[in-house]
Amino acid sequence: DFLSYLKYIFYLYFKLLYIINVEDKIVTFGLQLTFFLIPYLFFTRKKYIIDVRDYHYLFKLIPSFIFKKANFVAVSSPAYIKLFERNTKCIMSHNLYDYVDKFVKPLDNINLPIHVSCIGAIRDFCAQKKLIDNLSNNNNFLILFHGMGDVVPNLKKYILDKNILNVEFTGHYNKNDEYKFYEKSSIINMLRDNEDYNDRVALPNRLYSSAYFYRPSICYEGSALADIVKEYSLGLCIDHNDDIEESLSKYFENFHYIRFKENCDNFLNYVKKDQNLFNECLYEFIKLKI
């Protein structure tokens, strides 16, 4: 909350101004922290970079010169670059998790039931409810939710009230075990309500994980995520009015694993090029002298 931020900022200013006198570089994480540091960033001669993972309304209150003055601004989605003026140096930094060479079995045989899996933070009640309604008690589909989220209690109550039997919740899991859920998945649930700006422009971590483990994604049209899924043919993009059962059935009727695997590799190669550029810029920033 605001009070917590205020306490943290007082602590941070104290550190920056009175204790860390020899520090000559700053990394600012998030737009909220950048907003609170505006006076310091304005006057400081120290080098700094800003990392933006999510949009926040405080962005509109941050003077553009704060971003221009930064050595660079790291962003997690190409859509965020459009927020900044042209002479701001923006670098893509993807939310790519290192699975330490964990591999899963190829999806070369599509067996029933088709496992539609949400892996990670569970959110967007309306989008998940619509998925459940479309596939309710259909023996050809199993809906799985691996992880936690604020909407889980309501979803559990909903399936209990409706006596829906083909939905399972596995709860919290260890990140090191995440690959096991991808292995048992047929397609990864990335359905979002897309009413919030961040939902439309952010790229979820599971986009990269899905490509890494060669599992297709399902998402709604009208988002930066959908643009990438379509551009690299990483899965199924549907309209909010589409019949999800019919769309999934048609998708897997024409699914070709080898071709899909090549699409994932092409996407990951694009991501690696971005990451290499980001690493180079970060290394140069670390080497800079005041």
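Note: the structure precedes this text.
Notes on the structure in this doc start here. (Residues numbered from 1 in each chain as written. Predicted model: local features only at pLDDT ≥ 70, side-chain atom pairs only at ≥ 80, totals over all residues. Heavy atoms only, no water.)

A closer look at the pattern of salt bridges
Link 1 in the chain: Applying the stated criterion across every chain yields a total of 13 salt bridges.
Link 2 in the chain: Taking the shortest distance from any N to any O, the salt bridge between K68 and E85 comes out at 2.5 Å. Here E85 lies in the loop between helix 5 (78–81) and strand 4 (90–92) and K68 lies in helix 4 (residues 64–69), a separation of 17 residues in the sequence.
Link 3 in the chain: Residue R192 pairs with D199 through a salt bridge whose shortest N-O separation is 3.8 Å.
Link 4 in the chain: Accessibility expressed as a relative area gives 14% for R192, which makes it buried. (Salt bridge = Lys/Arg side-chain N within 4 Å of Asp/Glu carboxyl O. Helix = DSSP H or I, 4+ residues; strand = E, 2+ residues; numbered from the N terminus. Buried < 20%, exposed > 50% of the residue type's maximum accessible area, 1.4 Å probe, protein only.)

What about helix 6 (residues 125–135)?
Link 1 in the chain: Taken as a whole, helix 6 has its buried residues at A127, Q128, L131, I132 and L135. Looking straight down helix 6, one finds its buried side chains confined to an arc of 135°; they lie on one side.
Link 2 in the chain: Just beyond helix 6, the residue with positive phi is N137, at close to 55°. (Arc of directions from axis to C-beta.)

Quick look at a nonpolar patch on the surface
Link 1 in the chain: Residues F42, F43 and F65 make up a contiguous nonpolar surface patch of about 350 Å² in total accessible area.
Link 2 in the chain: Inspection of the secondary structure puts F65 in helix 4.
Link 3 in the chain: On the basis of relative accessibility, which here comes to 38%, the residue F65 falls in the partly exposed class. (Patch = residues over 30% accessible without salt bridge, like charges linked within 9 Å, V, L, I, M, F, W, Y side chains within 5 Å. Areas by Shrake-Rupley, 256 points an atom, 1.4 Å probe, with all protein chains shown as cover.)

Remarks on the packing of aromatic side chains
Link 1 in the chain: Per the counting criterion, the structure on display carries 22 aromatic pairs.
Link 2 in the chain: Geometrically, the ring pair formed by F42 and F43 is edge-to-face, given 4.7 Å between the ring centres and 85° between the ring planes.
Link 3 in the chain: Note on Y55 and F59: the rings are 6.0 Å apart at their centroids and 55° apart in plane angle, and the pair reads as tilted.
Link 4 in the chain: With a relative accessible area of 18%, Y55 lands in the buried category.
Link 5 in the chain: Among the aromatic residues, those joined into a cluster by ring pairs are Y55, F59, F67, F84 and Y197.
Link 6 in the chain: When the ring centre of Y97 is taken as reference, the NZ or CZ atom of K175 above it lies at 4.6 Å. (Phe/Tyr/Trp six-rings, centres within 6.5 Å; stacked < 30°, edge-to-face > 60°. Lys NZ or Arg CZ within 6 Å of the ring centre and 35° of its normal.)

What about unusual backbone geometry?
Link 1 in the chain: Omega for the bond connecting L112 with P113 falls within 30 degrees of zero, at 0°, which places this linkage in the cis form.
Link 2 in the chain: Summarising the element assignment, P113 is placed in the loop between strand 4 and strand 5 (114–119).
Link 3 in the chain: The phi torsion at N137 lies on the positive side, around 55°, for a residue other than glycine.
Link 4 in the chain: Position of N137 among the secondary structure elements: in the loop between helix 6 and strand 6 (141–146).
Link 5 in the chain: One non-glycine residue, N163, lies in positive phi territory at about 55°.
Link 6 in the chain: Inspection of the secondary structure puts N163 in the loop between helix 7 (152–161) and strand 7 (167–171).

Focus: the pairing of strand 10 (residues 235–238)
Link 1 in the chain: When strand 9 (residues 217–220) meets strand 10, the two strands line up parallel, connected through four bridges. Note that in strand 10 the partner of I218 across the bridge is L236.
Link 2 in the chain: In terms of handedness, the path from strand 9 via helix 11 (residues 224–231) over to strand 10 forms a crossover that is right-handed. (Pairing = 2+ DSSP bridges. Right-handed = clockwise from strand over helix to strand, strands pointing away.)

A short note on the nonpolar core
Link 1 in the chain: In this structure, V73, I132, L207, L248 and F267 are the most contacted members of the largest nonpolar core, which totals 89 residues.
Link 2 in the chain: Among the elements that take part in this core, helix 13 (residues 257–287) stands out by supplying six residues, more than any other.
Link 3 in the chain: If near-sequence neighbours (up to four positions away) are discounted, I132 is found in contact with I143, F145, L155, Y158, I159, I164 and V167.
Link 4 in the chain: Residues I49, F72, I91 and F285 belong to the second largest nonpolar core, which totals seven residues. (Core = buried A, V, L, I, M, F, W, Y, C linked by side-chain atoms within 4.5 Å. Contact = heavy atoms within 4.5 Å.)

Here we look at the sheet that holds strand 4
Link 1 in the chain: Ordered by their spatial adjacency, four strands build an open sheet running 1-2-3-4, and the pairing between neighbours is parallel. Lying at the two open borders of the sheet, with one neighbouring strand each, are strand 1 (25–29) and strand 4. On average, each strand axis in the sheet is inclined to that of its neighbour by 25°, with strand direction left out of account.
Link 2 in the chain: When strand 2 (residues 47–52) meets strand 3 (residues 73–75), the two strands line up parallel, connected through three bridges. Opposite D51, over in strand 3, you have A74 as the bridge partner.
Link 3 in the chain: The strands that helix 13 touches are strand 1, strand 2, strand 3 and strand 4; relative to strand 4, the one it contacts most, it runs at about 130°. (Axes fitted to C-alpha atoms, helices over the stretch in contact; angles between N-to-C directions.)

What about the packing of helix 10 (residues 205–212) against helix 13?
Packed helix pairs are specified by the crossing angle of their axes together with the interaxial distance, meaning the distance between the axes.
Link 1 in the chain: Where helix 10 contacts helix 13, the axes come no closer than 9 Å and their chain directions differ by 130°. By the angle between their directions, the pair helix 10 and helix 13 is classed as oblique. Every pair of crossing elements has a handedness; the one defined by helix 10 and helix 13 is left-handed. Packed against helix 10, whose contacting residues are L207, Y208, A211 and Y212, the element helix 13 presents C264, F267, L268 and V271 at the interface.
Link 2 in the chain: Considered class by class, the residues forming the contact of helix 10 with helix 13 number eight nonpolar, no polar and no charged. (Parallel < 35°, antiparallel > 145°, perpendicular 65-115°, else oblique. Left-handed = near helix turned anticlockwise from the far one by under 90°. Nonpolar A, V, L, I, M, F, W, Y, C, P; charged D, E, K, R; others polar.)

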